[in-house]
Amino acid sequence: MKPRELIGTATVPGGEPVRLFKRGGDFMIVLERNELMNSRMSGSEEALATMTCDRLTGRKAPHMLIGGYGMGFTLRAAQRVLGKDARLTVAELVPEIIDWARGPMAELTAGCLDDPRVTVVEGDVVKLIASGVGDYDAILLDVDNGPDGLTRAGNNRLYSARGLDAARAALKPGGVLAVWSAASDAVFARKLRDADFAVEEVAVRARSNGKGPRHVIWFATKR
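Report on the accompanying structure. (Residues numbered from 1 in each chain as written. Predicted model: local features only at pLDDT ≥ 70, side-chain atom pairs only at ≥ 80, totals over all residues. Heavy atoms only, no water.)

### Examining the layout of surface pockets
Argument step 1. Approximately 170 Å³ is the volume attributed to the largest pocket.
Argument step 2. Glu35, Leu36, Met37, Asn38, Met41, Glu45, Asn145, Trp180, Ala182, Pro213 and His215 are the residues that line the largest pocket.
Argument step 3. Per-element accounting of the lining of the largest pocket gives the leading share, four residues, to strand S4 (residues 34-38).
Argument step 4. For the lining of the largest pocket, a count of residues per class yields six nonpolar, three polar and two charged. (1 Å grid on protein atoms, 1.4 Å probe; cavity = no way out; pocket = protein on both sides within 12 Å on 5 of 7 lines; lining within 4 Å. Points joined across faces, edges and corners; volume = space filled by probe spheres on them. Helix = DSSP H or I, 4+ residues; strand = E, 2+ residues; numbered from the N terminus. Nonpolar A, V, L, I, M, F, W, Y, C, P; charged D, E, K, R; others polar.)

### A closer look at the packing of helix H1 (residues 43-54) against helix H2 (residues 73-81)
Argument step 1. Running from N to C, H1 and H2 cross one another at 35°; their axes reach a closest spacing of 7 Å. Regarding H1 and H2, the two cross each other, and that crossing is right-handed. For the pair H1 and H2, the contacting residues are Glu45, Glu46, Leu48, Ala49, Thr50 and Cys53 in the first and Phe73, Thr74, Ala77, Ala78, Arg80 and Val81 in the second.
Argument step 2. Here the residues of the contact of H1 with H2 sort into seven nonpolar, two polar and three charged. (Axes fitted to C-alpha atoms, helices over the stretch in contact; angles between N-to-C directions. Left-handed = near helix turned anticlockwise from the far one by under 90°. Contact = heavy atoms within 4.5 Å.)

### Points about the pattern of salt bridges
Argument step 1. Counted under the stated rule, the structure contains 10 salt bridges.
Argument step 2. In this structure, glutamate 200 engages arginine 55 in a salt bridge whose closest nitrogen and oxygen atoms are separated by 2.9 Å. Separated by 145 residues along the polypeptide, glutamate 200 in strand S10 (residues 197-205) and arginine 55 in the loop between H1 and strand S5 (63-67) bring together distant segments of the chain.
Argument step 3. In this structure glutamate 200 comes out as partly exposed when scored by relative accessible area, which is 36%.
Argument step 4. Residue aspartate 115 is joined to arginine 117 by a salt bridge in which the shortest nitrogen-to-oxygen separation is 2.8 Å. Residues aspartate 115 and arginine 117 agree in their burial class; the two are buried.
Argument step 5. Residues joined by salt bridges that share partners form a network here, namely Arg59, Asp137 and Lys172. (Salt bridge = Lys/Arg side-chain N within 4 Å of Asp/Glu carboxyl O. Buried < 20%, exposed > 50% of the residue type's maximum accessible area, 1.4 Å probe, protein only.)

### Focus: the packing of aromatic side chains
Argument step 1. Applying the stated rule across the entire model yields two aromatic pairs.
Argument step 2. With centroids separated by 5.8 Å and ring planes inclined at 85°, the aromatic side chains of tyrosine 159 and phenylalanine 188 adopt a geometry described as edge-to-face. Note that tyrosine 159 is positioned in helix H6 (residues 156-159) and phenylalanine 188 in helix H8 (residues 186-194), a separation of 29 residues in sequence.
Argument step 3. Judged by relative accessible area, which is 3%, phenylalanine 188 ranks as buried. (Phe/Tyr/Trp six-rings, centres within 6.5 Å; stacked < 30°, edge-to-face > 60°.)

### Details of the sheet that holds strand S6 (residues 87-92)
Strand-to-strand pairing in sheets goes through backbone hydrogen bonds, with the strands running parallel or antiparallel.
Argument step 1. Within the open sheet, the seven strands sit side by side as S7-S6-S5-S8-S9-S11-S10. Their pairing is mixed. In this open sheet, the two strands that pair with only one neighbour each are strand S7 (118-122) and S10. On average, each strand axis in the sheet is tilted by 15° relative to the strand beside it, whichever way the strands run.
Argument step 2. Direction of pairing for S5 relative to strand S8 (residues 136-141): parallel, over a ladder of four bridges. Bridge pairing in S8 places methionine 64 opposite alanine 138.
Argument step 3. With respect to the sheet, H2 is in contact with S5, S6, S7 and S8, its orientation differing from that of S6 by roughly 180°.
Argument step 4. With respect to the sheet, H8 is in contact with strand S9 (171-181), S10 and strand S11 (214-222), its orientation differing from that of S10 by roughly 150°. (Pairing = 2+ DSSP bridges.)

The structure is reproduced here in structure tokens:
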């Protein structure tokens, strides 16, 4: 097996450094010993977008907020299924992630950040949610390995009762809050219901071929 090559290091505000590695044609983004993302496993990140879009059928010019660019799998999946009038706002806290997308991972990125439907905001998705009132048809969150603030403690605000109330306020009527997680979490599912969302928990495979570990997506619809 080829050794991993360190491509770059970035500091997460309020968190630990993340590192970009490459092995052959594969990329990995790693936090300490936790592999946050791997270019070989895109299935559940793509499902986060496509399954959310399925729940937005019939909406004209939907506005989707994606929290965390990562490797862009969610963004590119949304671009493939949404129409030309859709708007996609991507909030990425770590500027180097976008630099990597335009630099060493440009082939993987496939120009998705240059789509005129896309606006990239280098900042905290928490602030975008808090400032939005009925702005979004969907909010997609994939900024941690689950609702536990792994990458930075400040992300716990997203999953608190106050954070979920803010997300609900930022959604249009019938809008969808979709949250990706590496595993199920009954306490978080209950928090979503307590925030007056209609909640659906779906298990999805990590790989686009339907194989690999099972991940979880919660689809919480604003009543």
